[in-house]
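Each chain, written out:
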Amino acid sequence: MARSPFAPTQPTATPPTPSVSPMTGASFRPPMGRTPDAAERRTLVVGRGISVQGVVQDAERLVVEGTVEATMINATELSIAQGGVFKGEVEVEEAEIAGTIDGTLTARHALIVRATGRVLGTARCRRLQVEDGGQITGRIEMITEGAAQTE
């Protein structure tokens, strides 16, 4: 007798799937040795073809694949995918730019501009990495220990 397709099956253990970076498709590795607890991260993803305008608050991680015109505060991480556009002001711990940011970006720790990334306006960061092909047009301010203590 053939087994019914609706019969209960034995549960199988599935290996955990690594989170995927929207920029490269590679497994996401948290910067500076941090281990994120993905279940506890408040993440806002603006997908391709979607436009958002307004104030973004209380998002720990913002992933921009479409277009965002906003002011964002109190975030941990900003990721702008290739083709994504962020216009406005943002202050984060780390930022990875593979698309375009136009405005003011403060990355209290690290700013990574990928080969397809463009930073227009003012960028402040403690550590800066620009891949070959990445573009920065405007003003760069490096955050130093003394400046961090007075802020």
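Residues numbered from 1 in each chain as written. Predicted model: local features only at pLDDT ≥ 70, side-chain atom pairs only at ≥ 80, totals over all residues. Heavy atoms only, no water.

Across its full length, the protein holds one helix and nine strands. N-terminal to C-terminal, the α/β element order of the protein is β-β-β-β-β-β-β-β-β-α. In the protein, buried positions account for 32% of the 151 residues. Within the protein, contacts between residues at least 6 apart in sequence are counted, and of these 12% link residues at least 24 apart. Split by element, the accessible area of the protein, about 9,300 Å² in all, is 50% carbon and sulfur. (Helix = DSSP H or I, 4+ residues; strand = E, 2+ residues; numbered from the N terminus. Buried < 20%, exposed > 50% of the residue type's maximum accessible area, 1.4 Å probe, protein only. Contact = heavy atoms within 4.5 Å. Areas by Shrake-Rupley, 256 points an atom, 1.4 Å probe, with all protein chains shown as cover.)

Another aspect to go through is the pattern of salt bridges. Summed over the entire model, instances satisfying the criterion amount to eight salt bridges. Here Arg114 makes a salt bridge to Glu131, at a shortest N to O gap of 2.7 Å. Pair noted here: Arg114 is in the loop between β7 (100-113) and β8 (118-130) and Glu131 is in the loop between β8 and β9 (135-142), with a separation of 17 residues, a long-range link. Here Glu131 falls in the partly exposed class, since its relative accessible area comes to 28%. (Salt bridge = Lys/Arg side-chain N within 4 Å of Asp/Glu carboxyl O.)

Residue alternation in strand β3 (residues 61-64) divides its side chains into two sets, Arg61 and Val63 and Leu62 and Val64, and both sets are buried. Direction of pairing for strand β1 (residues 43-46) relative to β3: parallel, over a ladder of four bridges. Looking at β3, one finds that Val46 is bridged to Val64. (Pairing = 2+ DSSP bridges.)

Moving on, we get to the nonpolar core. Counting residues in each nonpolar core, the largest one holds 24 residues, and the members touching the most others are Leu78, Val92, Ile97, Ile101, Leu105 and Leu111. Listing elements by their share of this core, those giving two or more residues are β3, β4 (67-72), β5 (77-80), β6 (85-97), β7 and β8. Apart from residues lying up to four places away in sequence, Leu105 is in contact with Leu78, Val90, Val92, Ala95, Ile97, Leu111, Thr122, Ala123 and Arg124. (Core = buried A, V, L, I, M, F, W, Y, C linked by side-chain atoms within 4.5 Å.)

All right, on to the pairing of β7 then. The sheet contact formed by β6 and β7 spans 12 bridges and is parallel. Along β7, the bridge assignment pairs Val92 with Ala107. In the sheet, β7 pairs with β8 via 12 bridges, with the strands oriented parallel. Along β8, the bridge assignment pairs Leu111 with Leu128.

You can see Cys125 is positioned in strand β8. Judged by its relative accessible area of 0%, Cys125 is buried. The spatial distance from the C-alpha of Cys125 to the C-alpha of Met142 is 5.2 Å, given a sequence separation of 17 residues. When residues no more than four places from it in sequence are discounted, the contact partners of Cys125 are Ala107, His109, Leu111, Glu141, Met142 and Ile143.

On to a nonpolar patch on the surface, then. A contiguous nonpolar patch, built from Leu128, Val130, Ile136, Ile140 and Met142 and spanning about 360 Å² of accessible area, is present on the exposed surface. Top contributing element to the nonpolar patch by residue count: β9, with three residues. When you line up the elements, Leu128 lands in strand β8. According to the relative accessible area criterion, Leu128 is partly exposed, its value standing at 35%. (Patch = residues over 30% accessible without salt bridge, like charges linked within 9 Å, V, L, I, M, F, W, Y side chains within 5 Å.)

Tracing the backbone through its elements, the reader meets Lys87 in strand β6. On the accessibility criterion, Lys87 (38% relative accessible area) is partly exposed. If near-sequence neighbours (up to four positions away) are discounted, Lys87 is found in contact with Val68, Glu69, Ala70 and Asp102.

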